[in-house]
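# Descriptive structure summary
One letter stands for each residue in the lines below.
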Amino acid sequence: MGTSQGSAPRAGPEDRVGGASSAPAVDPADQLARLGRSWVWLLGAATATLVPGVLALVWPDVTLHVLAVLIGVYLLLIGAFRFVAVFGRDSDRVPGLIVAVLYVLGGVLCLRNPLQTIAALSLITGAVWLLSGIVTLYTAVATKDMPHRGIVMAVAALGIVAGIVVLALPAESARSLTRLLGLWLVLLGLAETAVALAWRSALRRAGITGISSRLTR
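Residues numbered from 1 in each chain as written. Predicted model: local features only at pLDDT ≥ 70, side-chain atom pairs only at ≥ 80, totals over all residues. Heavy atoms only, no water.

This part covers the packing of aromatic side chains. In the structure shown here, the tally under the stated rule is 2 aromatic pairs. Judged by centre distance (4.6 Å) and plane angle (50 degrees), the rings of Trp-41 and Phe-81 are tilted. You can see Trp-41 sitting in helix H2 (residues 39-58) and its partner Phe-81 sitting in helix H3 (residues 64-86), a full 40 residues away along the chain. Look at Phe-81 and you get buried, because its relative accessible area is 17%. Taking the centre distance of 6.5 Å and the plane angle of 90 degrees together, the rings of Tyr-74 and Tyr-103 count as edge-to-face. Taken together, the residues span a long stretch of sequence, with Tyr-74 in helix H3 and Tyr-103 in helix H4 (residues 94-112) at a distance of 29 residues. What makes Tyr-74 buried here is its relative accessible area of 3%. Residue classification places Tyr-103 among the buried positions, given a relative accessible area of 4%. Directly above the ring of Trp-39 sits Arg-200, whose terminal nitrogen or CZ lies 5.1 Å from the centroid. (Phe/Tyr/Trp six-rings, centres within 6.5 Å; stacked < 30°, edge-to-face > 60°. Helix = DSSP H or I, 4+ residues; strand = E, 2+ residues; numbered from the N terminus. Buried < 20%, exposed > 50% of the residue type's maximum accessible area, 1.4 Å probe, protein only. Lys NZ or Arg CZ within 6 Å of the ring centre and 35° of its normal.)

Spelled out as structure tokens, the structure:
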């Protein structure tokens, strides 16, 4: 895996006004790309998945309202993490954007009406996991030079299974749904943590230690 460590361009004569050099303009897309390629960012996304899962398992008697808010916030956070991660890719970004939009849309639907039924929460969460898992699996299969491709495919498959289970096993109460979602959130969070640590290992082998280091293919 090749790497490139970009350096700030030197200011030429045209950049100097009255003997003072002007700082190069900061490209937001480039900054998002640097952040999206960071293993710390991937670990943050894993934490955003793992923490709600742990809360759901240790606090199974939450009300349906609290559960809907918890799931909604989780989906919005993951959507934001996925959106930034898209900029860290050199290949086709459309599948990643689709996944980010799915998470954000699911989060908005949960927060829009927190008093919705258990079946609605199961449908939203299961559909998001299933569709995002399919898109991620397709991306991993199509991108042959993807680092740690096997781990990404395993995480995508786990998301697909989680979506199918949540959709196929209707919960009869908020307590049972909380436990079911909590279990899958913990499993997904641990799997995503493995991806983040594997990415950190790849960066270290490539001799890159900075969080904002820019990685290429």
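All right, on to the nonpolar core then. Considering soluble globular proteins, one finds that nonpolar side chains tend to be buried as a cluster. Tyr-74, Leu-75, Tyr-103, Trp-129 and Leu-177 are the most contacted members of the largest nonpolar core, which totals 28 residues. Put simply, the parts of the chain that give this core at least two residues each are H2, H3, H4, helix H5 (118-142), helix H6 (149-168) and helix H7 (174-205). Top element by residues in this core is H3. It accounts for 7 residues. When near neighbours in sequence (up to four residues on either side) are disregarded, Leu-75 contacts Tyr-103, Val-104, Gly-106, Gly-107, Cys-110, Ile-124 and Val-128. (Core = buried A, V, L, I, M, F, W, Y, C linked by side-chain atoms within 4.5 Å. Contact = heavy atoms within 4.5 Å.)

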